[in-house]
Amino acid sequence: MDNLFTDSVERLFAEIATPEVIRLIEGGGRADALWQGLEDSGFLDVLLPEESEGAGLSLADVFPLFLLAGRYAVPVPFVQTLLARAWLHAAGIKAPPGSIAIAGFGVRQHGDALEAGTVAFGRVADWVLAQVEAQHVLLPVAAGRRELDSGHGSLNASLRWAAQPTDAVLIAADALPRIGLAALAAASHAPLLAGAASRVLELTLDYANQRTQFGKNIGRFQAIQNQISIMAERTWAARMAAQLACQGSGWEPGYLRAAVGKSRCSEAAAVIADIGHAVHGAIGITEEYDLQLYTRRLREWRLAAGTETYWARQIGTHLLQQSNHTALSFICEDISP
Amino acid sequence: MDNLFTDSVERLFAEIATPEVIRLIEGGGRADALWQGLEDSGFLDVLLPEESEGAGLSLADVFPLFLLAGRYAVPVPFVQTLLARAWLHAAGIKAPPGSIAIAGFGVRQHGDALEAGTVAFGRVADWVLAQVEAQHVLLPVAAGRRELDSGHGSLNASLRWAAQPTDAVLIAADALPRIGLAALAAASHAPLLAGAASRVLELTLDYANQRTQFGKNIGRFQAIQNQISIMAERTWAARMAAQLACQGSGWEPGYLRAAVGKSRCSEAAAVIADIGHAVHGAIGITEEYDLQLYTRRLREWRLAAGTETYWARQIGTHLLQQSNHTALSFICEDISP
Amino acid sequence: MIDTLELTEIPAEDEASRAEIRAFLMQAVSTLEPDVRARSWLGFDAGFSRSLAERGWLGLTLPVEYGGAGKGPFARFVLSEELLAAGAPVSAHWIADRQSGPLILKYGTEAQKQFYLPRICKAEAFFCIGMSEPNSGSDLASIKTRATRNAQGWTLNGSKIWTTNAQHSQYMIALVRTSGETADRYKGLSQIIVDLSLPGVTVRPIKDMAGDAHFSEVFFDNVQCQEDALIGTEGDGWAQVNAELAFERSGPERLYSSMVLLESWLLHCRQADVSDAQTATALGTIVSWLAVLRSMSISLTAKLVRGESPAIEATLVKDLGTEIEQAIPRIIGDLMGATPDVDIPVSLRRTLVYLEQMAPSFSLRGGTREILRGIIARGLGLR
Amino acid sequence: MIDTLELTEIPAEDEASRAEIRAFLMQAVSTLEPDVRARSWLGFDAGFSRSLAERGWLGLTLPVEYGGAGKGPFARFVLSEELLAAGAPVSAHWIADRQSGPLILKYGTEAQKQFYLPRICKAEAFFCIGMSEPNSGSDLASIKTRATRNAQGWTLNGSKIWTTNAQHSQYMIALVRTSGETADRYKGLSQIIVDLSLPGVTVRPIKDMAGDAHFSEVFFDNVQCQEDALIGTEGDGWAQVNAELAFERSGPERLYSSMVLLESWLLHCRQADVSDAQTATALGTIVSWLAVLRSMSISLTAKLVRGESPAIEATLVKDLGTEIEQAIPRIIGDLMGATPDVDIPVSLRRTLVYLEQMAPSFSLRGGTREILRGIIARGLGLR
């Protein structure tokens, strides 16, 4: 994708997903205006073929957009909606207007009632793409009940419906895309994490170059340089892992690459958030300073859609079972592009 | 135990377990003279009651000796022999002369043959205390075959007997001490690790204060100070963990404390060895410099008798099952002295 | 060099109080949600502090003649660990009880002791500590708040930041400059007890990312303090503060910050029958770290009892303690997200999220890890 | 600032050689015990190097007119990773192929190129690198070995230490002082190609803790080198060395040092049916780290192909690579000892023990982690 396009997306995010907007939405404000801005931009269907009013872009093409969504901590499921629309399109369904969160795990049926525990962006999404037993379904959030289960400022919510809503969209089992919702959710979170990591690194570098202690910039102390280098290494690795998760000529992420992407980005997230805060000291944990807007998302997205251990276990289990593969051939052939 | 006693043990170790002796034994030389020096010292039966020609000392009393055995990397199973003799005495058996290794795990019977895989000190021990199926037995090493399975300079060996040797000592099942051989082996290795750790820290501090780079002692660089502080923290924690493992008014270690001791000392061992070598640079991995004598043992003893993950799992499993305990009450009542 | 830490048992007479404390806490605290209890020594509840005072549990180590219980450090250790592990909301009295009381006892005049100590023991005087300033951070020698002597005592001008509980406290013990300039570094610093109700004091609470306001910024605009506001010796402030910091680093405070999360997770694992090898290993790892650190902390307490001043040993234990306190939410979060099909109770998730966010602050209070490690390195004789 | 690393595919024409390389290695290397293969780029086998040369696999990136294959960095990447991951004993030619050949191609005179490069490609000239001296270590500006110009060329006096493979090599490229004093730091340093068969050269192998002797100390006692022993520009030695170090830090060498252990452990787990969650997680963690780092390394290679010089990016990748290389033996050792009832094959245990002991050295070659992180920090713009 050309830089012009990426630049225009970045300008849009900088304009409509400001720290003030994030604070408002985290504080319980509505996300409608922000979402409308994204709908108006026309970016939400870029993964669909041109004949379906999309732009026919590939997953690799939109990777820079996904990173930016993380970098700006866009407080609505932008990446998830793009992927969900593409997934639905592949399943033969035209997505309804509105934002879509993806429940990769944890959806249960109790009698008539449906429950989706701790859905990332569940607090602000219009729809949730989920799998209830064998049935894939797009559930309207407004028809159910939201419980804010993850504390102050979180965009997670647990969702409950007394019965399957009448305007739920059922997806036929015969045309399902190959990738399941767990891996789709993982692939959506990897670039968000990598993007937010890059922002946290940038804020930390700025701070280390400005803040003076004991007569010099703290960024000149070897122990701080050491910490920030570790942070940078993780940030670069997370970006590469996320790019692996968003690799492909079509719209569809691959299972193992999504697993690698989410696993490595999640592992990096906690380290990066911790070092960012350690370098910032007390100012970093104040509400008025912007750092927390991005570290909060790093921690939230790390836990969403399977942590590093979950996905590492899947990768290891795959490799153990594929007795034709050495570790190297598995990496070269099944993970690398 | 009074300092006079500890000092005399330290003098003995310094005299008979020199780096040269360690190198000779690692190189395949015989340990007989060293062992005879220890037999002659009379320290080997100190855990037995006075009426059995012992000194009636408690496990807590001999902890400083155990630490010293690690600190000097005494290349024979000194700690194991003390504990095994006490264990055998409690089981109603007078230990034969000679050194005793403890096979905490991995002893198997194949038809008539017996195998004990990777026994710590198996290369230099006269006897191995083992459990074969339900039968506890003291096996004479000379009657079997030794395989050196752990590379250059290791004191480990795998041991095989074509059939149960005629001079094996069988231990009756009705008088077995409460502590099993796995935990006994764990308790024996914890103080060895803590002792070797203290030596590695000492060598590293000396080196950091002598070695000059970029115009100053490397110990003045903040990154080196950081690393050595981490090392010191682990060394202090390992010592405390080992002291927990060697706590008690009698001779017998407790299962959970042995588990804590071995788990924490093993976890510390790899970190301490790695930092010691990182600070020393190339000189540290040469045969002629003494550091490797102690880091080799740190790594060997870490893997012996269950690693940190093995013992942590046992502790966690215990706590999960004891629903009357909170984590704090478990720590206060079941682990602390 | 750093002294060894020998395994020590808590004396039976101090252990004896544990059952009563637990019983009290079971009734007073266990109805609070865990994410509330997770705040623990940031949790403010003046009523709770008064209920402790009624039981004689404030000023446990202060002399009886000043309203204390005249007990030793081990009695305080037992009480502290039970309070912290249970997540009792102790912040109202915590600093007064742990730092300010002992400081006043050590350096105060008889009149100061008579005035402040009984109030501390009755939970009537809460204290905060004024150290950092907007441009100082860890570099306390650079502080600029100044107390100038005048006929009535001292006039105070300047500001303090990151002061825990200033908005709820009656008093602040502030480190201020009484002579010299910033270039004089630690020379000319003194400690002043500031009555926060005096004219000219403004407290601005600072909201944190968890939505709480534990910190404040405190401004002094020509605040007129009395002559006896000075505590200890003029110009000795830095030495006094360091003695205080060493004390602050030696207690069980540095172990239990994530304990409510650990206990909640353990309960959840038992209830949801989560007992896989990864969970058991993580639990065992955390518990064995805590057990060893607790033994180290008890050993430090034994040194205090013997009148030693184990400052570097305490620093080492604090740094290790911070490591496990900060690791606990990271480990538990990873494992909770590794079994995404197991339902997590809302209160457990909130506790996790709170501690994940606040854990970085555990290494801010009482010195960053870099600073602590520099102290340890010097203690080890690196030169 | 540090440039981003974009995901890149290895071009199909370079990938195409992989099958042939694997087939060759299957036959040439797989009969060696894993603890022998674990030595890999410390494993010396001149015959093996010659068999690679016969296949045209030495000097892959050197021009055809000097006996090379005239291929690009990606061809070398594929060959290198297959050699290293298989644990082929490549050390005889490795330094000549990776560093000395490209250095001579870049800085050498036509006569030097004609002389050395074909020999390198035929595995007839093995090289070692003389950098550290007994009192220098990482501080290369402090080196004291001196080459003095005379009528016949240069007289060399001094010594080098920690020189890999000196006892097996025909040549050393030594960083020496040709003018000035130690106080001049990097000024006055030059690179000299020393024929190690010359009179006055003494090589003393140094035994390491694994019982091998890869290192040597090399003494120069009035060694008379010819005029054309100087490579590049007199006094530019430091700049030349740094260009070389950047190159050295960018290849797959920084990923695969523990690969033989990983593959052996994987095989063991499959054979012994060890597939518990902890094992699977550890395996998946290691593999996903390696996969990401490999992609980063390929991206660096693409930058080299484009003529860029990604020195800081390479440093970052090397430091991360060292981290996983060093973590692999620690993780695998822990897990092997966590299932003590599973029999471990002797060769796997020996491989583990070897790598546990040598892993610390992975962060010595090419700069300690502290030095690398300083480079990264400056690259990030910390000032």
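Just so it is clear, the structure is predicted and the values come from calculations on it, not from any experiment.

Definitions and cut-offs
- Residues numbered from 1 in each chain as written.
- Chains lettered and ligands numbered in written order.
- Predicted model: local features only at pLDDT ≥ 70, side-chain atom pairs only at ≥ 80, totals over all residues.
- Heavy atoms only, no water.
- Helix = DSSP H or I, 4+ residues; strand = E, 2+ residues; numbered from the N terminus.
- Rg over C-alpha atoms; globule rule 2.2 N^0.38 Å.
- Contact = heavy atoms within 4.5 Å.
- Areas by Shrake-Rupley, 256 points an atom, 1.4 Å probe, with all protein chains shown as cover.
- Buried < 20%, exposed > 50% of the residue type's maximum accessible area, 1.4 Å probe, protein only.
- Buried area = accessible area lost by both parts, 1.4 Å probe.
- Salt bridge = Lys/Arg side-chain N within 4 Å of Asp/Glu carboxyl O.
- Polar contact = N/O pair within 3.5 Å; in protein donor to acceptor, adjacent residues only side chain to side chain.
- Nonpolar A, V, L, I, M, F, W, Y, C, P; charged D, E, K, R; others polar.
- Domains from an automatic or database assignment.
- Axes fitted to C-alpha atoms, helices over the stretch in contact; angles between N-to-C directions.
- Parallel < 35°, antiparallel > 145°, perpendicular 65-115°, else oblique.
- UniProt positions renumbered as here; feature names shortened; annotations may be inferred.
- Core = buried A, V, L, I, M, F, W, Y, C linked by side-chain atoms within 4.5 Å.
- Patch = residues over 30% accessible without salt bridge, like charges linked within 9 Å, V, L, I, M, F, W, Y side chains within 5 Å.
- Lys, Arg positive; Asp, Glu negative; His and termini not counted.
- Charge placed at Lys NZ, Arg CZ, Asp CG, Glu CD.
- Pairing = 2+ DSSP bridges.

### Topic: the overall build of chain C
Argument step 1. Looking only at helices and strands, chain C has 13 helices and 8 strands in total.
Argument step 2. Here chain C has a C-alpha radius of gyration of 21 Å; the compact-globule value for 383 residues is 21 Å, and the two agree.
Argument step 3. Across its three principal directions, the C-alpha atoms of chain C cover 70 × 50 × 40 Å.
Argument step 4. Counted over contacts in chain C with a minimum sequence separation of 6, partners at least 24 positions apart contribute 76%.
Argument step 5. When the accessible surface of chain C is totalled, it reaches about 13,100 Å², and 52% of it is carbon and sulfur.

### Structural notes on the overall build of chain A
Argument step 1. If you tally the helices and strands in chain A, you get 11 helices and 10 strands.
Argument step 2. Scaling as 2.2 N^0.38, a compact globule of 337 residues should have a C-alpha radius of gyration of about 20 Å, and chain A matches this with 20 Å.
Argument step 3. Referenced to the eigenvectors of the C-alpha coordinate spread, the extents of chain A come out at roughly 65 × 55 × 45 Å.
Argument step 4. Here chain A holds 337 residues, and 67% of them are scored as buried.
Argument step 5. Nonlocal contacts in chain A, meaning residues at least 24 apart in sequence, comprise 73% of its contacts between residues at least 6 apart.

### Let's talk about the interface of chain D and chain B
Argument step 1. In this assembly, 41 residues from chain D lie in contact with 39 residues from chain B.
Argument step 2. Of the roughly 3,500 Å² buried between chain D and chain B on both sides combined, carbon and sulfur atoms contribute 54%.
Argument step 3. At the boundary of chain D with chain B, the tally comes to 5 salt bridges.
Argument step 4. Here B:Glu288 makes a salt bridge to D:Arg204, at a shortest N to O gap of 3.8 Å.
Argument step 5. There are 18 residue pairs in polar contact (both at pLDDT 80 or more) connecting chain D and chain B.
Argument step 6. Elements represented by at least two residues in the side of chain D that touches chain B include exactly strand 6 (201-206), helix 11 (311-336), helix 12 (346-358) and helix 13 (369-379) of chain D.
Argument step 7. Among the elements that make up the side of chain D that touches chain B, the one with the highest residue count is helix 12 of chain D (8 residues).
Argument step 8. Of the residues assigned to the side of chain D that touches chain B, the class counts are 18 nonpolar, 10 polar and 13 charged.

### Examining the domain arrangement of chain C
Residue and element names in this part refer to chain C.
Argument step 1. Segmenting chain C into domains produces domain 1 (12-126), domain 2 (129-235) and domain 3 (240-379).
Argument step 2. Computed from C-alpha atoms alone, the centre-to-centre distance between domain 1 and domain 3 is 21 Å.
Argument step 3. Across the pair Glu81 and Arg294 runs a salt bridge, and its minimum N-O distance is 2.7 Å.
Argument step 4. On the surface where domain 1 and domain 3 come into contact, there are 4 residue pairs in polar contact (both at pLDDT 80 or more).
Argument step 5. Broken down by element, the side of domain 1 that touches domain 3 gets its largest block of residues, 9 residues, from helix 5 (residues 73-86).
Argument step 6. A per-class count over the side of domain 1 that touches domain 3 returns 14 nonpolar, 3 polar and 10 charged.

### Considering the packing of helix 7 (residues 222-245) of chain B against helix 11 (residues 311-336) of chain C
Argument step 1. Relative to each other, helix 7 of chain B and helix 11 of chain C sit at 90 degrees, their axes nearing to 10 Å. When the interaxial angle is binned, helix 7 of chain B and helix 11 of chain C end up roughly perpendicular. Here B:Ala232, B:Glu233, B:Arg234, B:Trp236 and B:Ala237 of helix 7 of chain B come into contact with helix 11 of chain C, specifically with C:Leu316, C:Asp319, C:Leu320 and C:Glu323.
Argument step 2. Classifying every residue of the contact of helix 7 of chain B with helix 11 of chain C gives 5 nonpolar, no polar and 4 charged.

### With respect to helix 4 (residues 46-54) of chain D
Residue and element names in this part refer to chain D.
Argument step 1. If you check which residues of helix 4 are buried, you get Ala46, Phe48, Ser49, Ser51, Leu52 and Ala53.
Argument step 2. In this structure, the buried side of helix 4 is in contact with helix 2 (18-28), helix 5 (73-86), helix 6 (91-107) and helix 7 (110-121).
Argument step 3. With a side-chain oxygen positioned 3.1 Å from the backbone nitrogen of Gly47, the residue opening helix 4 is Asp45.
Argument step 4. Remark: Gly56 follows helix 4 within two positions and exhibits a positive phi of approximately 80 degrees.

### Regarding the UniProt feature "domain: Acyl-CoA dehydrogenase/oxidase C-terminal" (unreviewed entry) in chain A
Argument step 1. According to UniProt, the feature "domain: Acyl-CoA dehydrogenase/oxidase C-terminal" (unreviewed entry) maps to residues 187-319 of chain A in the numbering used here.
Argument step 2. In the segment residues 187-319 of chain A, helix accounts for 74% and strand for 3%; the C-alpha atoms at its two ends are 20 Å apart.

### Considering the nonpolar core
Argument step 1. Judged by nonpolar contacts, the single largest core of 222 residues is most densely connected at B:Leu38, B:Phe66, B:Phe78, B:Leu129, C:Trp265 and C:Met296.
Argument step 2. The dominant element in this core, judged by the number of residues it contributes, is helix 6 (residues 181-210) of chain B, at 19 residues.
Argument step 3. If you look at the next biggest cluster of nonpolar residues, it comprises 221 residues, including A:Ile16, A:Val62, A:Cys265 and A:Ala269.

### Focus: a positive patch on the surface
Argument step 1. A cluster of basic residues, A:Lys216, A:Arg220, B:Lys216 and B:Arg220, forms a positive patch on the protein surface.
Argument step 2. Structurally, A:Arg220 can be placed in the loop between strand 10 (216-217) and helix 7 (222-245).
Argument step 3. Note on A:Arg220: relative accessible area 52%, which makes it exposed.

### Focus on the sheet that holds strand 1 (residues 100-102) of chain B
Residues and elements named next belong to chain B.
Argument step 1. With mixed pairing, the 4 strands of this open sheet are ordered in space as 1-4-5-8. Both outer strands of the open sheet, strand 1 and strand 8 (169-171), are each paired with one neighbouring strand and no more. Sheet twist, expressed as the mean angle between neighbouring strand axes with direction ignored, is 25 degrees.
Argument step 2. With 3 bridges connecting them, strand 1 and strand 4 (residues 127-132) associate as parallel partners. Bridged to Ala101 within strand 4 is Val128.
Argument step 3. Those strands touched by helix 6 are strand 1, strand 4 and strand 5 (135-140), and its axis lies near 145 degrees from that of strand 4.

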